[in-house]
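Overview (structure and organization)
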Amino acid sequence: MEKILIFDTTLRDGEQAPGAALNQKEKLEIAQALADLGADFIEAGFPVSSKGDFEAVKLVAKSVKGPGICGLARSIKKDIDASFDAVKFSKRPRIHVFLATSKIHMKYKLRKAEDEILRLAVDAVKYARKKCSDVEFSPEDASRSERNFLFRVVEEVIRAGASTVNIPDTVGYSQPQEYGSLIKAIKENVPNIGKAVISVHCHNDLGLGVANSLEAIRNGARQVECTVNGIGERAGNASLEEIVMAINTRNDFFANLKTNINRKEIYKVSRLVSKLTGFVIAPNKAIVGANAFRHESGIHQDGVLKERSTYEIIHPEDVGFTGVGIVLGKHSGRHAFSERLKALGFHLSQNQLEQAFERFKQIADKKKDIFDDDLRIIVEEEFRVTKPLWELDSFEVNSGTRITPVACVRLKHKGKIVSGQSVGDGPVDACFKAIDKIIGVKVKLDDYRLEAVTSGKDALGEVSLRLIFENKTFSGRGSSTDIIESSLRAYLEALNKIKAK
Ligand code: KIV
Ligand code: ZN
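Residues numbered from 1 in each chain as written. Chains lettered and ligands numbered in written order. Predicted model: local features only at pLDDT ≥ 70, side-chain atom pairs only at ≥ 80, totals over all residues. Heavy atoms only, no water.

Spatially, the 3 strands line up as an open sheet ordered β16-β17-β18, and their pairing is antiparallel. In this open sheet, the two edge strands, each paired with only one partner strand, are β16 (444-452) and β18 (472-480). Each strand axis lies, on average, 15 degrees off the axis of its neighbour in the sheet, ignoring direction. Against the sheet, helix α16 (residues 483-500) touches β16, β17 (461-469) and β18, its axis set at about 145 degrees to β18. (Pairing = 2+ DSSP bridges. Helix = DSSP H or I, 4+ residues; strand = E, 2+ residues; numbered from the N terminus. Axes fitted to C-alpha atoms, helices over the stretch in contact; angles between N-to-C directions. Contact = heavy atoms within 4.5 Å.)

Spelled out as structure tokens, the structure:
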């Protein structure tokens, strides 16, 4: 069996998605989950881009064992220095250097001719190699680069010491056959290609990120760069879970190829990334969407009951999806609660268990049946990574068809209760304005979504929203059987992130 290396860039390219900003602790939590998942490399960030990112990459390099930890760098000494200073704490540090090689980028963005680009790329790799034995080079926009020039660059950076050459489809322009043939051509035309691993990095602008990556693998690529849930710049990157499950499910087609991914962790990592980035997963998203394993039509249900393989090509349990059966209610005790959480993959300390159980009891008083998805939300919300500066104490709202909605909200802050009142265009708006009066930050509500976590009139409503503050986006999530309370919790979570920054 030949191994396909999984290079996860959720914390770098994924985090470049507008609104996906993660703080250091959140990055660390995701990195740990990626290590449990079995990712071979974690690109933890772009250290020179900000002090915060530098510290986050350093923290990941210091704390996360197993995968190689990588930091991105332009082909500039100060970037390479920052990248190495952050990743050097890992047992397996990697510097990822990039420089664009397409005519469009060289002419308009870099304003440099081919020979200069070649020299800069080689110098950067040599400089990085002096610091770190593992250097990856990416000719940015490789798929739109002139082929002979690309071959020259790849050959020279390998000679300079790059042990991985990544061929990005930076703007998601390629078609699968074309991209596969590019990888094949690199293998045939770069004399020293045997000394490096060919990596691929596909964007999803035409919805082809995964298809292009798979075709590249069939043509000799042995490392895939991808992100959990496919998050990333613009339309995102190729999705990790789709690539892994395609290789696994169609091992007849991808003969003799395997990844190291512990597939049972997929669903958990996907939820975690969604929760911390605030990016809601579309219900029809392959592998991890809420509907990915639901059979609605009578014919399909009948078929699955008779023989699963009639309509199921993946067992939900294989990716850690544990179903939606009724599990608990208000009479359930601590033991049943803790056993169910273990089955869902949550391992809590005694104190955490008590805290989660308290919240479970509050919800069970209002909601008859507590499903697995409800439990997940309860635990995820109780153990947010960001320590809240402001917490919801209580609220009252008066709203109706013939009155102006008015809200009074009370928050806990540093051991005190502070309250604010406001009218608004609706009850949620009135609550948000009341909070604005208390906290005093000026934010713009950029996105607001409400989803029922499970079915039934008493379902938990989960609100995901995005706020804009000083041109940066912050996300928040909250859930409750009361949708105004969910909204308040989500709003406060995003405001707490702003305050924490
Ligand atoms: O899409 C791209 O080209 C990149 C590079 C920095 C690898 O993200
Ligand atoms: Zn990219």
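From this point on, the discussion continues.
Right, let's talk about the domain arrangement of the protein for a bit. Interfaces are often sized by the amount of accessible area the parts lose when they come together. One can read the domain layout of the protein as domain 1 (2-277), domain 2 (298-382) and domain 3 (391-500). One C-alpha centre belongs to domain 2, the other to domain 3, and the line joining them spans 27 Å. Between domain 2 and domain 3, the residue contacts involve 11 residues of the former and 12 residues of the latter. Buried area between domain 2 and domain 3, both sides added, is near 1,000 Å², and the carbon and sulfur share of it is 51%. (Domains from an automatic or database assignment. Buried area = accessible area lost by both parts, 1.4 Å probe.)

Our next topic: the site of ligand 1. All residues adjacent to ligand 1 are R12, D13, H96, F98, S138, E140, N166, P168, T170, H201 and H203. One nitrogen or oxygen atom from the side chain of R12 is found 2.9 Å from an oxygen atom belonging to ligand 1. D13 is positioned such that a nitrogen or oxygen atom in its side chain is 3.1 Å from an oxygen atom of ligand 1. Here ligand 1 loses 94% of its free accessible area of 270 Å² to cover by the protein chains. Broken down by secondary-structure element, the contributors of at least two residues to the shell around ligand 1 are β5 (93-100), β6 (135-140) and β7 (164-169). (Near = heavy atom within 4 Å. Polar contact = N/O pair within 3.5 Å; in protein donor to acceptor, adjacent residues only side chain to side chain. Areas by Shrake-Rupley, 256 points an atom, 1.4 Å probe, with all protein chains shown as cover.)

A barrel is described by the order of its strands in space; here 8 strands give the closed sequence β2-β3-β4-β5-β6-β7-β8-β9, paired in parallel fashion. With direction set aside, neighbouring strand axes in the sheet form an average angle of 25 degrees. Here 4 bridges tie strand β2 (residues 5-8) to strand β9 (residues 223-226), and the two strands are oriented parallel to one another. For I6, the partnering residue across the bridge sits in β9 and is V224. Contacts from helix α1 (residues 24-37) reach β2 and β3 (41-45), with the element oriented near 170 degrees to β3. Contacting β5 and β6, helix α4 (residues 103-110) crosses the sheet at an angle of about 85 degrees to β5.

Time to look at the coordination of the zinc ion (ligand 2). Expected angles at a metal are 109.5 degrees for tetrahedral coordination by four donors and either 90 or 180 degrees for octahedral coordination by six donors. Here the zinc ion (ligand 2) is held by the protein donor atoms D13 (OD), H201 (NE2) and H203 (NE2), which lie 1.9 to 2.1 Å from it. For the zinc ion (ligand 2), all donor residues lie on one chain, and their spacing in sequence is D-x187-H-x1-H. Placement of the pair is D13 in the loop between β2 and α1 and H203 in the loop between β8 (197-202) and α8 (209-218), with a sequence separation of 190 residues. D13 gets classed as buried once you look at its relative accessible area, which sits at 2%. Given the relative accessible area of 3%, H203 is considered buried. (Donors = N, O, S within 2.8 Å, 3.2 Å for Na, K, Ca; no water. Buried < 20%, exposed > 50% of the residue type's maximum accessible area, 1.4 Å probe, protein only.)

To continue, consider the environment of E339. Considering the arrangement of structural elements, one finds E339 in helix α12 (residues 334-343). A sequence separation of 145 residues divides E339 from I484, and the C-alpha atoms of the two residues are 31 Å apart.

Turning next to the packing of helix α6 (residues 147-160) against helix α7 (residues 176-189). Contact geometry for α6 and α7: axes closest at 10 Å, N-to-C directions at 50 degrees. By the criterion of interaxial angle, the relationship of α6 to α7 is oblique. At the point where α6 passes α7, the crossing takes the right-handed sense. Each of R147, L150, F151 and V154 in α6 lies in contact with α7, whose residues at this interface are E178, S181, L182, A185, I186 and N189. For the contact of α6 with α7, the per-class residue count stands at 6 nonpolar, 2 polar and 2 charged. (Parallel < 35°, antiparallel > 145°, perpendicular 65-115°, else oblique. Left-handed = near helix turned anticlockwise from the far one by under 90°. Nonpolar A, V, L, I, M, F, W, Y, C, P; charged D, E, K, R; others polar.)

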